[in-house]
Amino acid sequence: MYRIIFKSENKVLWILIFMILSSCMSKDKTPEKVFIKNENLDEKMYRPSLHFSPKKNWMNDPNGMFYYKDKYHLYFQHHPYSNVWGPMHWGHAISKDLISWEEQPIALFPDNLGTIFSGSAVVDHNNTSGFGTEINPPIVAIYTNHNAKEANEGSIKFQNQSIAYSLDEGQTWTKYINNPIIKNPGVRDFRDPKVIWYEKDEKWILTLAASQITQFYESKDLKEWSYLSSFGEGIGNHNGVWECPDLFELPVRGTDQTKWVHLVSINPGGPNGGSATQYFIGDFDGKKFVIDHDFETQMKNKHDFWTDFGKDNYAGVTFSNWESDKGGVLLLGWMSNWQYASKVPTNTWKSAMTLGRELELYKTKENSYRLRSILSSNLGDYESTAIEKQGELIKENITLVSKKTIDLSTAKVQIKLSGLEDTEYTFEIANSSGDKLVFGYDHKELLFFVDRNQSGKTKFSDQFSKKPSLAPRLENKRTLDIEFVLDKASIEIFFDEGKTVMTEIFFPNAPMETLNLKTSASNSIIDFFKVQELKNNK
Ligand code: FRU
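The structure displayed is predicted, hence computed values, not measured ones.

S.K.: Please clarify how the overall build of the protein should be interpreted in this entry.
M.R.: Along the protein, the regular secondary structure elements total five helices and 33 strands. A globule of 538 residues ought to have a C-alpha radius of gyration of about 24 Å, and the protein, at 24 Å, matches this closely. Per-residue burial for the protein yields a buried fraction of 59% across its 538 residues. Considering only intrachain contacts with a sequence separation of at least 6, the fraction spanning at least 24 residues in the protein is 63%. Entry remark: accessible area of the protein is about 23,100 Å², with carbon and sulfur atoms responsible for 51%.

Below, the structure written as structure tokens:
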């Protein structure tokens, strides 16, 4: 025993000497390698100021989001002991404005039924579950128990749905003694329950993902559930597993109609590779979701119904107990992609959520329905120095933000262009290290694009910047509205007032400082331009 220990210590010593010597001799001492080891720089360069990121370690999907007593509650898939995915817990954070978050103690720990996969939470106002009282309504969380042991033993029934309740506004949770509440019927991927209150029949509806379809269940008390129907066979994109569904009713802007929207995240199969979220529009009568015939036909012709065309918005679902004045819902997604999430160059923590987005339905000229996303996180309190321009003729290369005029690393930009010509309009966000994040619009091809190939550290995964991400423009007009938010290592771009959205992360070697517009157009105009520094001192 002693000898073995001695030997292995010797080996460790030799490895250490070898590492020190080789790092001294190495010519390939790129800043990238030295940099990644420096946690403080990591924090300074990549820790977002306006987006939620966990203090430490791994995070993926947003879970159990609800709004209650002026507070937004966000739970999240969390591995508290490592910066890569592992046994899942529900982390927890609270915010008053969706921007400044306070991380809370872990909400749900793995138990003998398994680890805690994605799910939702509802405020049980009428105490239908009997877990609380009408004066102090329980918050009920509905989640998937993932039993890794059963999976390893070869069973396919290792994912089952369970519930837990909280009587202190989501702070501490008690698991229901009769869990699981929906048992696996023999489907390998059977998870991510999302529950809503269906007012018409005064009942709860649960939607979950089952392999490559979704299933609906109903309940009066959140404990006993009966199967209703399924959706998705042969409809939409099936190039990956269906995950994290959502179902909600929305008013159609400018009409007195409402329609039902069904979100389904898929991995892989996204329009630009890896993970993405598709949507379906139709009707739900309390039993069955029926997709609009017209919508289905369009879907068969081209798959372009995605909530976000960028590579980094996944598993997004909506908040319970939240509705805007216009009847919109509030969505938050995971700002990463399963293709490279565990490899991104941050050590202390992994990944952030998107900003909050309000979803709205509108009718196109062709009378079909579409979803758009409006930046809904309240940035007003964080706005600092701004620069504004109006009515400038676009020449070949325009500097919109020059060095040292504004801190571009966390900023919001609004641009309105008119007189578009059949050519490209390319925006370049750059820094002193020569990194460039490139995005824009090709009016000839009616395509939006984001190219992060030269944006800084990209080599950690060959899927990260293999090709530019593309998104079709839905209308052909000679004006264009762009709004985007930069937050150190992410960009969220809302084209055409959120009709097309692209969210992508990037890892520059120095803070971004300048913004240029390049084009061969000679008669286009910048009708409006505003850049607003955003500062979070909270
Ligand atoms: C989506 C997902 C879910 C699952 C969770 C596990 O990103 O795969 O389907 O519940 O992540 O962490």
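S.K.: Help me understand the domain arrangement of the protein, please; the structure alone is not making it clear to me.
M.R.: Bring the parts together and some accessible area is lost; that lost area is often taken as the interface size. Partitioning the protein into domains gives domain 1 (11-51 + 58-342 + 350-374) and domain 2 (383-534). Computed over C-alpha atoms, the centres of domain 1 and domain 2 are 29 Å apart. On the domain 2 side, the residues contacting the 33 residues of domain 1 number 36 residues. Buried area between domain 1 and domain 2, both sides added, is near 2,900 Å², and the carbon and sulfur share of it is 56%. In terms of surface lost to domain 2, no three residues of domain 1 exceed M45, Y46 and Y340, which account for 21% of the buried area on that side. If you look at where domain 1 meets domain 2, you find two salt bridges. A salt bridge links E492 to R357, with the shortest nitrogen-to-oxygen separation between them at 2.8 Å. Linking domain 1 to domain 2 there are 25 residue pairs in polar contact (both at pLDDT 80 or more). If you list the elements that add at least two residues to the side of domain 1 that touches domain 2, you get α2 (31-36), α3 (39-46), β20 (357-363) and β21 (369-375). Considering only residue class, the side of domain 1 that touches domain 2 consists of twelve nonpolar, ten polar and eleven charged.

S.K.: Help me understand the sheet that holds strand β18 (residues 329-334) in this model?
M.R.: Sheets are built from strands that pair by backbone hydrogen bonding, the pairs being arranged parallel or antiparallel. On the basis of which strands lie adjacent, the open sheet formed by four strands has the order β17-β18-β20-β21 and antiparallel pairing. On the outer flanks of this sheet lie β17 (314-318) and β21, each paired with one strand and no other. Along the sheet, successive strands turn relative to each other by an average axial angle of 40°, direction set aside. In this sheet, β18 lies alongside β17 in antiparallel orientation, the contact comprising three bridges. Within β18, the residue paired with Y314 across the bridge is W334.

S.K.: Would you mind going over α3 with me for this structure?
M.R.: Within an α-helix, residues lying three or four positions from one another point in the same direction, as the helix has 3.6 residues per turn. Buried within α3 we find D42, M45 and Y46. The buried residues of α3 all sit within an arc of 80° when viewed along its axis, so they share a single face. More than 90 degrees from the buried face of α3, the exposed residues found are N40 and K44.

S.K.: What should I look at first to understand the site of the ligand in this one?
M.R.: All residues adjacent to the ligand are N60, D61, Q77, W85, M88, F117, S118, R191, D192, E243, Y314 and W338. At 2.7 Å from an oxygen atom of the ligand is found a side-chain nitrogen or oxygen belonging to Q77. A distance of 2.8 Å separates an oxygen atom of the ligand from a polar side-chain atom of W338. Relative to its unbound accessible area of 320 Å², the ligand is 95% covered by the protein chains. Contributing elements (two or more residues each) for the shell around the ligand: β1 (57-68), β5 (115-123) and β9 (190-198). Looking at side-chain class alone, the shell around the ligand contains five nonpolar, three polar and four charged residues.

S.K.: Hey, could you run me through the packing of aromatic side chains in this one?
M.R.: Each aromatic ring pair is characterised by the separation of its centres together with the angle its planes make. Here the structure, examined in full by the defined rule, presents 36 aromatic pairs. Here the aromatic rings of Y46 and F507 are separated by 5.2 Å at their centres, their planes lie at 85°, and the arrangement is edge-to-face. Of this pair, Y46 sits in helix α3 while F507 sits in the loop between β31 (500-505) and β32 (514-519), placing them 461 residues apart in sequence. Owing to a relative accessible area of 4%, F507 belongs among the buried residues under this scheme. Within the aromatic cluster, the residues linked to one another by ring pairs are Y46, Y340, F460, F464 and F507.

Reading the values: the criteria
- Residues numbered from 1 in each chain as written.
- Predicted model: local features only at pLDDT ≥ 70, side-chain atom pairs only at ≥ 80, totals over all residues.
- Heavy atoms only, no water.
- Helix = DSSP H or I, 4+ residues; strand = E, 2+ residues; numbered from the N terminus.
- Rg over C-alpha atoms; globule rule 2.2 N^0.38 Å.
- Buried < 20%, exposed > 50% of the residue type's maximum accessible area, 1.4 Å probe, protein only.
- Contact = heavy atoms within 4.5 Å.
- Areas by Shrake-Rupley, 256 points an atom, 1.4 Å probe, with all protein chains shown as cover.
- Domains from an automatic or database assignment.
- Buried area = accessible area lost by both parts, 1.4 Å probe.
- Salt bridge = Lys/Arg side-chain N within 4 Å of Asp/Glu carboxyl O.
- Polar contact = N/O pair within 3.5 Å; in protein donor to acceptor, adjacent residues only side chain to side chain.
- Nonpolar A, V, L, I, M, F, W, Y, C, P; charged D, E, K, R; others polar.
- Pairing = 2+ DSSP bridges.
- Axes fitted to C-alpha atoms, helices over the stretch in contact; angles between N-to-C directions.
- Arc of directions from axis to C-beta.
- Near = heavy atom within 4 Å.
- Phe/Tyr/Trp six-rings, centres within 6.5 Å; stacked < 30°, edge-to-face > 60°.

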